[in-house]
Amino acid sequence: MTGGSTLVAKLNRLGLVRDEDLALHLPLRYEDETRITPIAAAIPGEIAQFQARISSTTVVYRPRRQLLCHIEDGTGEMVLRFLNFYPSQQKALQPGVLIRTIGEVRGGFFGTELVHPRFRIVAEDESLPQALTPVYPTTAGLGQSTLRRLIARALAQAELSETIPPEQLQSLDLAELRASVEALHHPPPVNDPIQFEATLRPAWRRIRFDELLAQQISLRRAYTARRARGAPVLEATGILSSALLQQLPFTLTGAQRRAWQEIASDLAQPHPMQRLLQGDVGSGKTIVAALAMLHAVEGGRQAALMAPTEILAEQHYRKLVQWMEPLGLELAWLSGSTRKPDKEILARRLANGEIRLVVGTHALIEESIGFSDMGLAIVDEQHRFGVRQRLALKQKADSPHQLTMSATPIPRTLAMSYYADMDVSVLDELPPGRTPILTKLVAESRRNEVVARVLSACRQGCQAYWVCPLIEESEALQLKTAEETYTYLRNELPDLSIGLVHGRLKATEKAAVMAEFEANRIQVLVATTVIEVGVDVPNASLMVIEHAERFGLAQLHQLRGRVGRGQHESVCILLYTQPLSATARQRLKIIYENSDGFEIARQDLALRGPGEFIGARQSGVPLLRYAQLEDTVLIEQARQVAEILLRDHPVQAERHLARWLSGTEELLKA
Ligand code: ADP
Ligand code: MG
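Residues numbered from 1 in each chain as written. Chains lettered and ligands numbered in written order. Predicted model: local features only at pLDDT ≥ 70, side-chain atom pairs only at ≥ 80, totals over all residues. Heavy atoms only, no water.

Caption draft 1: Structural context of the overall build of the chain. In terms of regular secondary structure, the chain is built from 25 helices and 21 strands. Taking the principal axes of its C-alpha atoms as reference, the chain extends roughly 95 × 65 × 50 Å. Within the chain, the proportion of its 670 residues that are buried is 53%. For the chain, the share of sequence-separated contacts (at least 6 apart) that also reach a separation of at least 24 residues comes to 75%. Counting only carbon and sulfur atoms, one obtains 52% of the accessible surface of the chain, whose full area is about 30,300 Å². Across the chain, the mean location of the 75 positive side-chain charges is 3 Å away from that of the 77 negative side-chain charges. (Helix = DSSP H or I, 4+ residues; strand = E, 2+ residues; numbered from the N terminus. Buried < 20%, exposed > 50% of the residue type's maximum accessible area, 1.4 Å probe, protein only. Contact = heavy atoms within 4.5 Å. Areas by Shrake-Rupley, 256 points an atom, 1.4 Å probe, with all protein chains shown as cover. Lys, Arg positive; Asp, Glu negative; His and termini not counted. Charge placed at Lys NZ, Arg CZ, Asp CG, Glu CD.)

Laid out in structure tokens, this is it:
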């Protein structure tokens, strides 16, 4: 594309295409250009506007090149300082010229000054604006004045007719839309900031409501549309699943049984399931997935399970093979490192339906892979995939049933908004016989004691993970640290067998190390966060996490969940290095005090806010621009109005959706 620098391209980048998009592009804040402050009355720290004549403009070098422009207005003098400037600016600032300039007042070494102020040349009798000047979110090369002009014009023409029926407007005490939008672009001049905020509050409330309403309409509509789509009715004979249950060394928990029933009843419906199976780490999601896969096979369809990492996919594969081979079922395996000829054979056998069950990584969604009759698509640890990838698997068949699994619990407000389109099954019970994990916070200076502890645990037949610090800036550095730790531990613990696994290893190498660890031929596994999700080695009962202060809460919880899976008393040691930032301290406290993933997620959301918590990439849903997810009441009201609109005023509902979510709709259906 060559149009990247045109005005239209810049506007597109901001999502501004139609008049109404511009009208709904609301200010971040306002500047007060309604008043002129005499230079003599300038107060350092305040933003103020001055009108003054230029007395001199010079380029100086002290210490670096900068443009100084002296102005005076009859009450006093001040300096405008520009550290970066264009020749055109220098030229415009001619002595004798009258300018209006606005910026933050500073008491500089050379007297009162404005650094990089906005300025423009004015006529002697130029009038002052009546309203505050809006400042808009913008993009490189698109100036505020251009944006303002475009928005003012669009606002006059935009179609902003009311989409909410009068009864609801009244009962919810909502301000009228056009009036709200106009007030936000051109607010009344109010001096007192608290009163100013109060004046605009009803307008903002209306905007936030409208945005949430659009989200709710969209989710609700997607839900209804999905219910109207056809999907294969999968009749379970129960032959395979009961055979599997009989050979398991354990019985299902009540929660697993319930989740399995919910899934089974969805699969027997003539419309596609879209269910999230949510359960804390170690709650036993895999067996539920396996039962669902068997259900699909009993119903005559293929089933696929996709996992986000090679290690996890491989582990699922091995576990599922162990469960399914005795039933006489073939399970296929596909990953990025599957050799080309093997892959071609596999692709052919998947496409002609010979293969009924497959487990794999992203390789499953490659172009070359197709299914003959996939009836069930399962995505594990769904939050680790981008939304397009999640969609891609189910798009490999004509509306299959979809099951996603996640160990990251969704707090209630998110469940009410972003995930409202899904049905959810929760595993709220851990399998019996789990020993609670003891969490310890240990300062880095006591590292030797930790090493001694690893030794004694391994002498008693247990195994340990040693997780190396996350180094966000550099994968290479992270790798180096992991290798150093590996060498260090080999020196310190010469009697133990120590392994190393990290992201740079080839998939086959990774798999080999993991297999050795599972067989207890490796006692201590030094690892980067590649082991974060899903890894399941019940004999491992000690987890050491170095620089725990650098990890996020969800990550710490996931990592800790790698232990506490077997009969041994499990310990998770969080090694931290001083000094701790306030949030790091807070995080460590939360993880130390809590073992319940839901509670941790709730506190995490409170600590970080929803934007960071879900992250646009993970949710795939455009983050709300104006609304706040803390606002449970408003979300609930929006949900009710969405239902009313869809039932009684479908045209208005469409209108509302088109206004707020043009172009982003597709993603909401993920
Ligand atoms: P997650 O929910 O984290 O994916 P997994 O499916 O990996 O959990 O299960 C964790 C471990 O618990 C596995 O070793 C699994 O075989 C075992 N497990 C699952 N369900 C039960 C159960 N009902 N009783 C005992 N152990 C179970
Ligand atoms: Mg799992």
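Continuing now.
Caption draft 2: Representation of the sheet that holds strand S17 (residues 463-467) within the structure. If you trace the six strands from one edge of the open sheet to the other, you get S16-S21-S20-S17-S19-S18, paired in parallel fashion. Two strands in the sheet have a free side with no partner beyond their single neighbour: strand S16 (437-443) and strand S18 (498-501). Across the sheet, the axes of successive neighbouring strands diverge by a mean angle of 20°, strand direction being ignored. The sheet contact formed by S18 and strand S19 (residues 524-527) spans four bridges and is parallel. What sits directly across from Val501, in S19, is Ala527. In the packing of helix H18 (residues 553-560) onto the sheet, the strands contacted are S16, S17, strand S20 (540-545) and strand S21 (570-576), and the crossing angle to S20 comes to about 150°. (Pairing = 2+ DSSP bridges. Axes fitted to C-alpha atoms, helices over the stretch in contact; angles between N-to-C directions.)

Caption draft 3: Quick look at the packing of aromatic side chains. Going through the model one piece at a time under the given rule, you end up with five aromatic pairs. The interplanar angle of 75° and the centroid separation of 5.9 Å between the aromatic rings of Phe82 and Phe119 together place this pair among those described as edge-to-face. Taken together, the residues span a long stretch of sequence, with Phe82 in strand S4 (residues 77-82) and Phe119 in strand S7 (residues 118-121) at a distance of 37 residues. For Phe119, a relative accessible area of 21% puts it in the partly exposed group. Ring geometry for Trp204 and Tyr626: centres 5.8 Å apart, planes at 45°, overall tilted. Of this pair, Trp204 sits in helix H7 (residues 193-228) while Tyr626 sits in the loop between helix H22 (616-619) and helix H23 (632-648), and the two are 422 residues apart along the sequence. Accessibility expressed as a relative area gives 13% for Tyr626, which makes it buried. (Phe/Tyr/Trp six-rings, centres within 6.5 Å; stacked < 30°, edge-to-face > 60°.)

Caption draft 4: Up close: the domain arrangement of the chain. Annotation of the chain at the domain level lists domain 1 (49-125), domain 2 (239-427) and domain 3 (437-594). Inter-centroid distance (C-alpha atoms) of domain 2 to domain 3 is 29 Å. Contacts between the two partners involve 17 residues from domain 2, matched on the other side by 18 residues from domain 3. When domain 2 packs against domain 3, close to 1,400 Å² is buried across both sides, 55% of that on carbon and sulfur atoms. The largest contributions to the domain 2 side of the interface with domain 3 come from Val281, Ile311 and Gln315, which together make up 39% of the buried area. At the junction of domain 2 with domain 3, the criterion picks out two salt bridges. Residue Lys319 pairs with Asp536 through a salt bridge whose shortest N-O separation is 2.8 Å. (Domains from an automatic or database assignment. Buried area = accessible area lost by both parts, 1.4 Å probe. Salt bridge = Lys/Arg side-chain N within 4 Å of Asp/Glu carboxyl O.)

Caption draft 5: Fine view of the site of ligand 1. If you check the shell around ligand 1, you find 17 residues, and the closest are Gly282, Lys285, Thr286, Arg434 and Asp536. Separating an oxygen atom of ligand 1 from a side-chain N or O atom of Lys319 is a distance of 3.3 Å. Between ligand 1 and Asp536 there is a distance of 2.6 Å, counted from an oxygen atom to a side-chain nitrogen or oxygen. A total of 570 Å² of accessible area belongs to ligand 1 in isolation, and the protein chains cover 89% of it. (Near = heavy atom within 4 Å. Polar contact = N/O pair within 3.5 Å; in protein donor to acceptor, adjacent residues only side chain to side chain.)

Caption draft 6: Region of the structure containing the pairing of S18. A two-sided burial pattern is seen for S18, the buried positions comprising Ile498 and Leu500 on one face and Gly499 and Val501 on the other. Between S18 and its parallel partner S19, the chain crosses via helix H17 (residues 507-518), and the hand of that crossover is right-handed. (Right-handed = clockwise from strand over helix to strand, strands pointing away.)

Caption draft 7: Broad picture of helix H10 (residues 285-298). The end-to-end C-alpha distance of H10 is 20 Å, a good match for the 20 Å that 14 residues give at a rise of 1.5 Å each. H10 sits mainly inside the fold: 13 of its 14 residues count as buried. Gly300 occupies a position one or two residues after H10 and carries a positive phi of about 85°. (Expected span 1.5 Å × (residues − 1).)

Caption draft 8: Region of interest: the sheet that holds strand S14 (residues 401-406). Reading across the sheet, the seven strands line up as S11-S12-S10-S13-S14-S9-S15 and stay open at both edges, with parallel pairing between neighbours. Only two strands of the sheet have a single partner each, and these edge strands are strand S11 (331-334) and strand S15 (423-427). Going from strand to strand, the sheet's axes swing by 20° on average, the running direction of each strand aside. When strand S10 (residues 302-306) meets strand S12 (residues 357-360), the two strands line up parallel, connected through four bridges. Considered in S12, the bridge of Met306 is made with Gly360. Running at roughly 170° to strand S13 (residues 374-379), H10 makes contact with strand S9 (274-279), S10, S12, S13, S14 and S15 of the sheet.

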